[in-house]
Amino acid sequence: MYGGYTYVELKYKPSKDDFIVLLWVKGKNKIEKIAEAVAAESSVGTWTKLSTMNDIVFKNYRARVFKIIKVTKSSGFIYIAYPYEHFDSKNILQFQASVMGNIFGMKEVDELYIMDISFPEKYQKQFKGPKNGIEGIRKYVGTLKSRRPHIGTIVKPKVGLTPKEFANVAYDAWSNGLDLVKDDENLVDQKFCPWKKRFNEVTKKMDKAENETGEKKLYATNITDSSIDRMIERLDYVREHGQRMVMLDVYVMGLAALHEMIKHTRKYNIFVHAHRAGYAAHNRGMFGVNFQVYEKFYRIIGVDQLHIGTGVGKMEGSALYVKRLHDIAIKNKGEEKFYLGSLKFTFAKHIKPLFPVSSGGLDPGMVDALIELFGKDIVIQAGGGVHGHPNGTGAGARALRYAVDCAMKHIPLPKASEKNNDLKLALKKFGYADPKDIKNVLKYEKNNKQKLTREVKIGGLAEYQRIV
Ligand code: CAP
Ligand code: MG
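Owing to the predicted nature of the structure, the values given are computational and were not obtained by experimental measurement.

What counts and what doesn't
- Residues numbered from 1 in each chain as written.
- Chains lettered and ligands numbered in written order.
- Predicted model: local features only at pLDDT ≥ 70, side-chain atom pairs only at ≥ 80, totals over all residues.
- Helix = DSSP H or I, 4+ residues; strand = E, 2+ residues; numbered from the N terminus.
- Rg over C-alpha atoms; globule rule 2.2 N^0.38 Å.
- Buried ≥ 20, exposed ≤ 12 C-beta atoms within 10 Å, placed from the backbone.
- Axes fitted to C-alpha atoms, helices over the stretch in contact; angles between N-to-C directions.
- Parallel < 35°, antiparallel > 145°, perpendicular 65-115°, else oblique.
- Left-handed = near helix turned anticlockwise from the far one by under 90°.
- Contact = placed C-beta atoms within 7 Å.
- Nonpolar A, V, L, I, M, F, W, Y, C, P; charged D, E, K, R; others polar.
- Arc of directions from axis to C-beta.
- Pairing = 2+ DSSP bridges.
- Domains from an automatic or database assignment.

Trainee: Now, about the overall build of the protein chain: what can you tell me, with residues and values included?
Mentor: Within the protein chain, the secondary structure is distributed over 19 helices and 15 strands. Radius of gyration (C-alpha) of the protein chain: 24 Å, near the 23 Å computed for a compact globule of 468 residues. Along the first, second and third principal axes, the C-alpha atoms of the protein chain reach 75 × 50 × 35 Å. The burial tally for the protein chain puts 49% of its 468 residues in the buried class.

Trainee: So what's going on with the packing of helix α6 (residues 163–175) against helix α15 (residues 393–408)? Residues and values would help.
Mentor: Between α6 and α15, whose axes approach to 7 Å, the crossing angle comes to 30°. One element, α6, and the other, α15, form an angle in the roughly parallel class. α15 is crossed by α6, and the crossing has right-handed handedness. Contacts from Val-169, Asp-172 and Ala-173 in α6 reach Thr-393, Gly-394 and Ala-397 in α15. Tallied by class, residues from the contact of α6 with α15 come to three nonpolar, two polar and one charged.

Trainee: Kindly report on helix α5 (residues 133–141), identifying the contributing residues and their values.
Mentor: The complete set of buried residues in α5 reads Gly-133, Ile-134 and Ile-137. Taken around the axis of α5, the buried residues stretch over an arc of 115°, which confines them to a single face. Residues of α5 that are buried in the fold lie against β9 (271–275), β11 (305–307), α12 (319–330) and β14 (355–359). Positioned one or two residues after α5, Gly-142 has a phi angle of 95°, which is positive.

Trainee: I'd like to hear about the sheet that holds strand β1 (residues 19–27), residue by residue, with values.
Mentor: Reading across the sheet, the five strands line up as β2-β3-β1-β4-β10 and stay open at both edges, with mixed pairing between neighbours. A single partner strand is all that each edge strand has here, and the edge strands are β2 (64–72) and β10 (287–289). Each neighbouring strand pair of the sheet contributes to a mean axis angle of 15°, computed without reference to strand direction. Two elements, β1 and strand β4 (residues 109–118), share eight bridges in a ladder whose sense is antiparallel. Looking across to β4, one finds that Val-25 is bridged to Leu-112. In this fold helix α1 (residues 31–41) packs onto β1, β2, β3 (75–82) and β4, with an angle of close to 140° to the strand it touches most, β2. Packed onto the sheet, helix α19 (residues 449–467) meets β1, β2, β3 and β4 and runs at close to 90° relative to β2.

Trainee: Go over the domain arrangement of the protein chain with me, naming the residues and quoting the values.
Mentor: By domain assignment, the protein chain separates into domain 1 (19–124) and domain 2 (133–437). Look at where the C-alpha atoms of domain 1 and domain 2 centre, and you get two points 35 Å apart. With 18 residues of domain 1 at the interface, the matching set in domain 2 holds 22 residues. Elements that contribute at least two residues to the side of domain 1 that touches domain 2 include exactly β1, α3 (92–99), β4 and α4 (121–124). Considering each element in turn, the side of domain 1 that touches domain 2 owes the most residues, eight residues, to β4. Looking at side-chain class alone, the side of domain 1 that touches domain 2 contains twelve nonpolar, three polar and three charged residues.

Trainee: Quick one: what's the story with the environment of Lys-337, residue by residue and with numbers?
Mentor: Along the chain, Lys-337 turns up in the loop between β12 (333–334) and β13 (345–346). On a C-alpha basis, the gap between Lys-337 and Asp-55 in space is 36 Å, while along the polypeptide they are 282 residues apart. Aside from chain neighbours lying at most four places away, what touches Lys-337 is Arg-324 and Ser-342.

Trainee: Summarise the sheet that holds β9; cite the residues concerned and give the values.
Mentor: Judged by pairing direction, the barrel is parallel, and its eight strands sit side by side in the order β5-β6-β7-β8-β9-β11-β14-β15 before closing back on the first. The sheet shows a mean angle of 25° between the axes of neighbouring strands, taken without regard to direction. Inspection of the sheet shows strand β7 (residues 218–222) paired to strand β8 (residues 245–249) by two bridges, in the parallel sense. Bridge pairing in β8 links Asn-222 to Met-247.

Trainee: An account of unusual backbone geometry is requested, with residue identities and associated values reported.
Mentor: Between Lys-156 and Pro-157 the backbone carries a cis peptide bond, its omega angle lying at 0°. Here Pro-157 is to be found in the loop between β5 (150–154) and α6. A positive phi angle, close to 50°, is found at Lys-90, a residue other than glycine. For Lys-90, a count of 9 C-beta atoms within 10 Å corresponds to the exposed category. Of note in this structure, Asn-269 is not a glycine but carries a positive phi near 55°. Along the chain, Asn-269 turns up in the loop between α9 (250–268) and β9.

Dropping the structure here:
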């Protein structure tokens, strides 16, 4: 009971239109009581009995806790079902304010972590999903048949280069084999590198690189701004100049601004490269929302490319967990993986797969391992791993392209490097990530699903966080 009502209903069978939320909770009271409080505050209830409550409200709009996995008396995993009618249509913010809102601030909880949410297909139908996604971008670049990984770079230093300097670095990358050049998440329109000037210089160099290589190139220009008008102005400029991609810092801009911008990018048929800077403030620790929930929002709303992590590079996320994010990006269905905090998922038919981007501390020596982990449907991006090559950006780009081309022919990198000095020098400086390690991790998962599930059920959030 919470505020005079009961929200725990362990006999309840969720309907196909319910939203399911899997959470970790810990507090001082019994877990059943904490579960009541969380379900009440995130749906129709409050701390006391109400004279205004009626049967219709309680029956039709309340959340129901239908499963509890106790770890201790006052901690564990809870599954909550929310009725479809509880939510606005085409308004993800109302969903966030309900399910991902007040509960984080309640004194009742000492830890609260939303592990996963499954969205009914009926709700997904209110959104359009990616206009192009992986197949559309591959078609544009010309890799539909070969299905090789796309390769790209982030111009470094992150900020500080002038437009001309920036464009020269971009040219070196494209003309030596990369498909994509992008701005960094913290570069938009600073005085030393105004957005329009940079765009003009870069696109001139892109034309040159395309003519010389005969390949289609992409520039993910960062148009993120706290003013929607300014983002639209930039988008118009991108379209008028025949460019096909923009970058958005999707986490910091928020879902409303993203939803709005996607309307325009769809209309203009411009690909959206989504950078997730900031997500980890929410994703790590004892209070938070797992990134996979945001990934689902982004796919349903309709970004075309999204950063998902690496499993081998500089950012958080184990190989197993990042592979799950890759599944959510490209698959339409996935089984429940409790040990990864994941519910089963199904995307509505019209929600196309997006192109997952692996970035953060990557270099050419990691290509075999990345392909072992993700397969070929992946964008491999390296900033430091290209511009940090002993012979500069051009050599770094050539090393990365050669590594991918050899991987497509199943030639392991150490062998491939015997015939290629750029790759040889890259391996010498950065080392070689042996794909065997990834193979072993995947094999371990395959053979130990039940064991891992048991361990998380006994160990709780700490054990889960050890795995992810
Ligand atoms: C990569 C990157 C990306 C990270 C973000 C950077 O550069 O541009 O922002 O990948 O992480 O600035 O760190 P390097 P994630 O290749 O030089 O590491 O993709 O996990 O969101
Ligand atoms: Mg960056």
